[in-house]
Amino acid sequence: MTEMVRKITLSRAVRIMQNLFPEEYNFYPRSWILPDEFQLFVAQVRMVKDGDPSWKPTFIVKPDSGCQGDGIYLIKDPSDIRLAGTLQSRPAVVQEYICKPLLIDKLKFDIRLYVLLKSLEPLEIYIAKDGLSRFCTEPYQEPHPRNLHHIFMHLTNYSLNIHSGNFVHSDSTSTGSKRTFSSILCRLSSKGVDIKKVWSDIISLVIKTVIALTPELRVFYQSDIPAGRPGPTCFQILGFDILLMKNLKPILLEVNANPSMRIEHEQELSPGVFENVPSLVDEEVKVAVIRDTLRLMDPFKKKRENHFPDIYMDRKHRFPPVSDRMSSLKLQLSKLSIVRSQQLGKPLASKEEPPDSDLASASAGGASPEGHLPSICLKQVFPKYAKQFNYLRLVDRMANLFIRFLGIKGTMKLGPTGFRTFIRNCKLSSGSLSMAAVDILYIDITRRWNSMTVVHQDSGLRPGSSFGPRCTPSPVAWLFLRSHGWTTTRLAGLRGAAQPLSARKPRKPRKLLWTRRCWKHTPIY
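Predicted model only: the values in this text are computed from it and were never measured.

Visitor: When you look at the overall build of the protein in this model, what are you seeing that I'm missing?
Guide: For the protein, the count of helices and strands is 20 helices and 14 strands. Here the analysis covers contacts within the protein between residues at least 6 apart in sequence; of these, 68% occur between residues at least 24 apart. On the protein, roughly 27,500 Å² of surface is accessible, and the fraction owed to carbon and sulfur atoms is 55%.

Below you can see the structure in the form of structure tokens.
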């Protein structure tokens, strides 16, 4: 999961969805992957500037493996990118910088929301009802060459701003440099903002982002834990970093697979002497997230309900009669002991019956042993709102085809026999696509794939990403789209794919959907 939400992998996954559903995925800034797409980045920026000389953009460069704001910087022109050997050893993503964020007290801030991915099949997503709002420590100004290096003005990372002399630790959830998201919503509500609309947009953003990530995640999960085999109950707490624009539109900044769950901060008592001080804001949000995640993921909860139903009954039926739980001999001895104790005036507590105090405490707990805990802070958003978003799961259906018709059993390798089996199972063979043409197609795909693998190894890309070279899903995507009538210009590079090589016009490898470079980097025109 950590690999799936890295900046480059996330950008590729969202880009695929932006090509298919551009209006639905406009919450993610336009991105380029460096160093692979540096020339494309330069060309596109130059083209837009030539068409609109007044356009003066700002870009933010984020290292792929960076965290806590490490290595992030702003630029005004592609020539400002630091290319001196760093990008080859440390790939990065460059994005359009959001210049008009929503400000509170003249400060820029972002939102950290915690999302529980409970399961992949079926897909279950929960969102915490409260989150954190992390503030910059310098008043915000739109970026210009003189303030691009002011990290306390432009970057909201807590790990950076805590070193600012203006950082404010507060015991209140509505003041200071770190506040609860609910306090921000209350403040916006007092100004007449439609809070339900803001929450609805954020929930939509989260669901769409997870939908973009799940296809590849499911393929790798099925490879490691094939269907029908016992496996672990996996879940993940994700940290979504979201920025609200001035018009209250949420923008996805990044997703963290391992968000910090610390509930204290370091305070310097004297030079070189530090002490961990509890943070009330962190404690209020994070403790609830961890507690309720464990409540939702409790693997023994159903077993207790099935095997020990008496603890879920009311007091009247919780404890069966003593006579039902004792043998006849023990029952006679118990009656004799009770008679003797009554004669001596000393009541005897039976070992079989619980004391009244235990009964009272069990009764006070209600029908559920969690009766004393607060209500769940995690709200289910999927499959609750599945009907509104199922149409976006196109790539997810491709992954289903790959998993179902290729019969993954601990491997992700697709050989010629498996490819022919897939064609038959999907009933894609016809007069225009004979099995001989399928064999030619497989050989051509394999040849092009291997050539692209060499290119990507030279560029330092991680093997196995974006469905990886081992699983070869691109023909699956191509065949799925073709079987559903996708004959528009998006698939122009695919026409004649089943023809012999000699009958085909030469094409650039990056224009073909099934090539690794196209699937990972190049938009589907």
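Visitor: What should I look at first to understand the nonpolar core in this one?
Guide: Burial of nonpolar side chains together is a common tendency in soluble globular proteins. Ranked by size, the top nonpolar core spans 59 residues in total, and within it Tyr25, Ile125, Phe181, Trp199, Val206, Phe240 and Leu252 carry the most contacts. Considering each element in turn, this core owes the most residues, 13 residues, to helix α7 (residues 195-224). Listed in part, the 13 residues of the second largest apolar core include Leu34, Phe41, Val42 and Phe59.

Visitor: What am I meant to see in the pattern of salt bridges here?
Guide: When the charged atoms of two side chains with opposite charge come close together, those side chains can pair. Considering all chains together, one arrives at 23 salt bridges under this definition. A salt bridge links Lys178 to Asp282, with the nearest nitrogen and oxygen atoms 3.2 Å apart. One end of the pair, Lys178, is in strand β9 (residues 178-180); the other, Asp282, is in helix α8 (residues 280-297), with 104 residues separating them in the sequence. Looking at Asp282, the relative accessible area reads 3%, which means it is buried.

Visitor: Can you help me understand empty space enclosed by the protein in this one?
Guide: To find leftover empty space, one rolls a probe the size of a water molecule over the atoms. Applying the stated rule across the entire model yields six cavities of 30 Å³ or more. Computed from the structure, the largest cavity encloses a volume of approximately 270 Å³. Lining the largest cavity are 19 residues, with Ile60, Lys62, Leu155, Thr156 and Leu253 positioned closest to its centre. Elements with a contribution of two residues or more to the lining of the largest cavity: β2 (59-63), β4 (92-96), β6 (107-119), β10 (236-244) and β11 (250-256).

Visitor: For this particular structure, what's the right way to read the pairing of strand β8 (residues 132-135)?
Guide: Taken residue by residue, a regular strand's side chains alternate between the two faces of the sheet. Residues of β8 alternate between two faces, with Leu132 and Arg134 on one and Ser133 and Phe135 on the opposite face, all of them buried. Both β6 and β8 contribute to a ladder of four bridges, which runs antiparallel. From the neighbouring strand, Asp110 faces β8, where its bridge partner is Arg134. Relative to β9, β8 runs antiparallel, the two sharing three bridges. When the bridges of β9 are listed, Arg134 appears paired with Lys178.

Visitor: Looking at this structure, I do not really get helix α2 (residues 38-51). What am I missing?
Guide: Helical geometry: 3.6 residues make up each α-helical turn, so side chains three or four residues apart lie on a common side. With 14 residues, α2 should cover 20 Å at 1.5 Å per step; its first-to-last C-alpha distance of 20 Å lies within 8% of that length. Within the sequence span of α2, burial applies to Phe38, Phe41, Val42 and Val45. Within α2, the buried residues cover an arc of 95 degrees as seen down the axis, which keeps them to one side. Of the residues in α2, the exposed ones pointing more than 90 degrees away from the buried face are Gln39, Met47, Asp50 and Gly51. Tucked inside the fold, the buried residues of α2 contact β1 (31-34), β2 and β4.

Visitor: Hey, could you run me through unusual backbone geometry in this one?
Guide: Most peptide bonds adopt trans geometry, and most residues besides glycine take a negative phi value. A cis amide bond links Glu121 with the next residue in sequence, Pro122, at an omega value of 0 degrees. Pro383 follows Phe382 through a cis peptide bond whose omega is 15 degrees. Residue position: Pro383 is located in the loop between β14 (378-382) and α14 (386-389). Backbone geometry at Lys106 places phi at a positive 65 degrees, although glycine is not the residue there. Within the element layout of this structure, Lys106 appears in the loop between β5 (103-104) and β6. For Lys106, a relative accessible area of 64% gives the class exposed. Phi at Leu248 takes a positive value of approximately 70 degrees, unusual for a residue other than glycine. Within the fold, Leu248 resides in the loop between β10 and β11.

Visitor: Mind showing me how you'd approach the packing of aromatic side chains here?
Guide: Any two aromatic rings considered together are summarised by their centre-to-centre distance and by the angle between their planes. A complete count under the given rule lists nine aromatic pairs for this structure. Taking 5.1 Å as the distance between ring centres and 90 degrees as the angle between the ring planes, the aromatic pair formed by Phe41 and Phe59 counts as edge-to-face. Separated by 18 residues along the polypeptide, Phe41 in helix α2 and Phe59 in strand β2 bring together distant segments of the chain. As far as burial versus exposure is concerned, Phe41 and Phe59 are alike and both buried. Taken together, a centroid distance of 5.1 Å and an interplanar angle of 25 degrees make the contact between Phe109 and Phe135 stacked. Placement of Phe109 in strand β6 and of Phe135 in strand β8 is noted, with a sequence separation of 26 residues between them. Put simply, the rings of Trp32, Phe41, Trp55 and Phe59 pair up and form one aromatic cluster. A cation sits over an aromatic face here: Lys178 above Tyr158, 3.6 Å from the ring centre.

Visitor: What is the right way to look at the sheet that holds strand β3 (residues 73-75) in this model?
Guide: The strands making up a sheet are joined through hydrogen bonds of the backbone, oriented either antiparallel or parallel. The strand order β1-β4-β2-β3 describes an open sheet built from four strands, whose pairing is antiparallel. The open sheet has two free edges, formed respectively by β1 and β3, since each of these has just one partner strand. Taking each pair of neighbouring strands and ignoring which way they run, the sheet shows an average axis angle of 25 degrees. In this structure, β2 lies alongside β4, joined through five bridges in antiparallel fashion. In the strand pairing of β4, Pro63 is matched with Ala92. Here helix α1 (residues 7-20) sits on the sheet in contact with β1, β2 and β4, set at roughly 135 degrees to β1.

Visitor: I keep staring at the confidence of the model for the protein and nothing clicks. Help me out?
Guide: Low pLDDT marks stretches whose predicted atomic positions should not be read closely. This prediction gives the protein a mean pLDDT of 74; 66% of its residues lie at or above 70. Predicted confidence for residues 310-327 stays below pLDDT 50, and this span has 25 contacts to residues more than four positions away or in other chains. Under a pLDDT of 50 for its full length, residues 453-476 has, in the predicted model, 65 contacts with residues more than four places off or in other chains.

Parameters and conventions
- Counting starts from 1 at the beginning of each chain's written sequence and moves along it residue by residue.
- Since the coordinates come from a predicted model, pLDDT governs what is reported: local features require at least 70, and pairs of side-chain atoms require 80 or more to be given and counted, while whole-chain, interface and lining totals use all residues.
- Hydrogens and water molecules were not included; the side-chain quantities draw on all heavy atoms of the structure.
- Think of it this way: any DSSP run of H or I at least four residues long counts as a helix, any run of E at least two long counts as a strand, and we number them from the N terminus.
- What makes two residues a contact is simply this: any of their non-hydrogen atoms within 4.5 Å.
- Each accessible area is a Shrake-Rupley result for a 1.4 Å probe, and residues are judged covered by the shown protein chains and nothing else.
- Here the nonpolar core consists of buried residues drawn from Ala, Val, Leu, Ile, Met, Phe, Trp, Tyr and Cys, with membership extended through side-chain atoms lying within 4.5 Å.
- Note on classification: 1.4 Å probe, protein chains only; a residue is buried when its accessible area is under 20% of the maximum for its type, exposed when over 50%, partly exposed between these limits.
- The working definition used for a salt bridge is a side-chain nitrogen of Lys or Arg within 4 Å of a carboxyl oxygen of Asp or Glu.
- Space inside and on the surface of the protein is sampled on a 1 Å grid over the protein atoms alone, with a cavity defined as a set of points where a 1.4 Å probe fits but cannot get out and a pocket as an open set with protein on both sides within 12 Å along at least 5 of 7 lines; lining residues have an atom within 4 Å of a point.
- Grid points are joined across faces, edges and corners, and a volume is the space filled by probe spheres set on the points.
- Two strands pair if DSSP finds at least two bridges between them.
- Expected span of a helix, by definition, is 1.5 Å for each gap between consecutive residues, and there is one gap fewer than residues.
- Throughout, the arc means the angular range of directions from the helix axis out to the C-beta atoms.
- Ring pairs shown here join Phe, Tyr and Trp side chains whose ring centres sit within 6.5 Å, with only the six-membered ring taken for Trp; geometry is labelled stacked below 30 degrees between planes, edge-to-face above 60, and tilted in between.
- Should the NZ of a Lys or the CZ of an Arg lie within 6 Å of a ring centre and within 35 degrees of the ring normal, that charge is described as sitting over the ring.
- Where helices are involved, their axes are fitted lines through C-alpha atoms of the stretch in contact, as for all axes, and angles between N-to-C directions lie from 0 to 180°.
- Scored between 0 and 100, pLDDT is the confidence that the predictor attaches to each residue.

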